[in-house]
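# Observations on the model geometry
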Amino acid sequence: MRVAIDTGGTFTDCVYLDGRRLEILKVFSTPANPARAIAQALAAVQSSISGGPLDLLHGTTVGTNALLERRGARILLVTTAGFEDVLVIGRQARSRLYDFFLTRPPPLVPAARRLGIRERL
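## A short note on the overall build of the protein
Of regular secondary structure, the protein possesses 3 helices and 6 strands. Ordering the α and β elements of the protein from the N terminus gives β-β-β-α-β-α-β-α-β. Compactness check: the protein gives a C-alpha radius of gyration of 21 Å against a globular reference of 14 Å for 121 residues, more than 25% above the reference. Counting only C-alpha atoms and orienting by the principal axes, one finds that the protein spans roughly 55 × 40 × 30 Å. Taken over 121 residues, the protein has a buried fraction of 16%. As presented, the protein carries roughly 9500 Å² of accessible surface, and 60% of it is formed by carbon and sulfur atoms. Distance from the positive charge centre (16 side chains) to the negative charge centre (10 side chains) of the protein: 6 Å.

## With respect to the layout of surface pockets
Its volume calculated, the largest pocket comes out at about 260 Å³. Along its surface, the largest pocket is lined by Arg 70, Leu 77, Leu 87, Val 88, Arg 104, Pro 105, Pro 106, Pro 107, Leu 108, Val 109 and Arg 114. Here the lining of the largest pocket is built from residues that sort into 8 nonpolar, no polar and 3 charged. If you add up the space inside the second largest pocket, you get close to 180 Å³. In this structure, the second largest pocket is lined by Ala 66, Leu 67, Arg 70, Arg 71, Gly 72, Ala 73, Arg 74, Ile 75, Pro 107, Leu 108, Pro 110 and Arg 113. Looking at the lining of the second largest pocket residue by residue, the class counts come to 7 nonpolar, 1 polar and 4 charged.

## Re the environment of Ala 43
Residue position: Ala 43 is located in helix H1 (residues 34-48). Assessed through its relative accessible area of 45%, Ala 43 is described here as partly exposed.

Cut-offs used in this document
Residues numbered from 1 in each chain as written. Predicted model: local features only at pLDDT ≥ 70, side-chain atom pairs only at ≥ 80, totals over all residues. Heavy atoms only, no water. Helix = DSSP H or I, 4+ residues; strand = E, 2+ residues; numbered from the N terminus. Rg over C-alpha atoms; globule rule 2.2 N^0.38 Å. Buried < 20%, exposed > 50% of the residue type's maximum accessible area, 1.4 Å probe, protein only. Areas by Shrake-Rupley, 256 points an atom, 1.4 Å probe, with all protein chains shown as cover. Lys, Arg positive; Asp, Glu negative; His and termini not counted. Charge placed at Lys NZ, Arg CZ, Asp CG, Glu CD. 1 Å grid on protein atoms, 1.4 Å probe; cavity = no way out; pocket = protein on both sides within 12 Å on 5 of 7 lines; lining within 4 Å. Points joined across faces, edges and corners; volume = space filled by probe spheres on them. Nonpolar A, V, L, I, M, F, W, Y, C, P; charged D, E, K, R; others polar.

Distances and angles like these do not, on their own, reveal function.
Below is the structure:
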């Protein structure tokens, strides 16, 4: 049995194969203990398909969401010297490439907390 689970802030999504058919299951996440939602999803999957070895894949968007929503601990970016501003500079693929008045959101990591370290090559 192959099961993939993604633990998110609101829902825990589960995708699994039932024979040759792909099934999708959504359960409410349990932010205080994400393992509870995973166990609930696995219990629901187990009751609907035949037994056999379990191949479980797991991912989470909880950490990514916390970073993007600017919640949680303050972070530090450690990178190769000379590349501290790469994330702030961005890429050319922008929705309004030539808009001089575009207001960009503040960087996820302020300049004071971006450290460049010399590497040995």
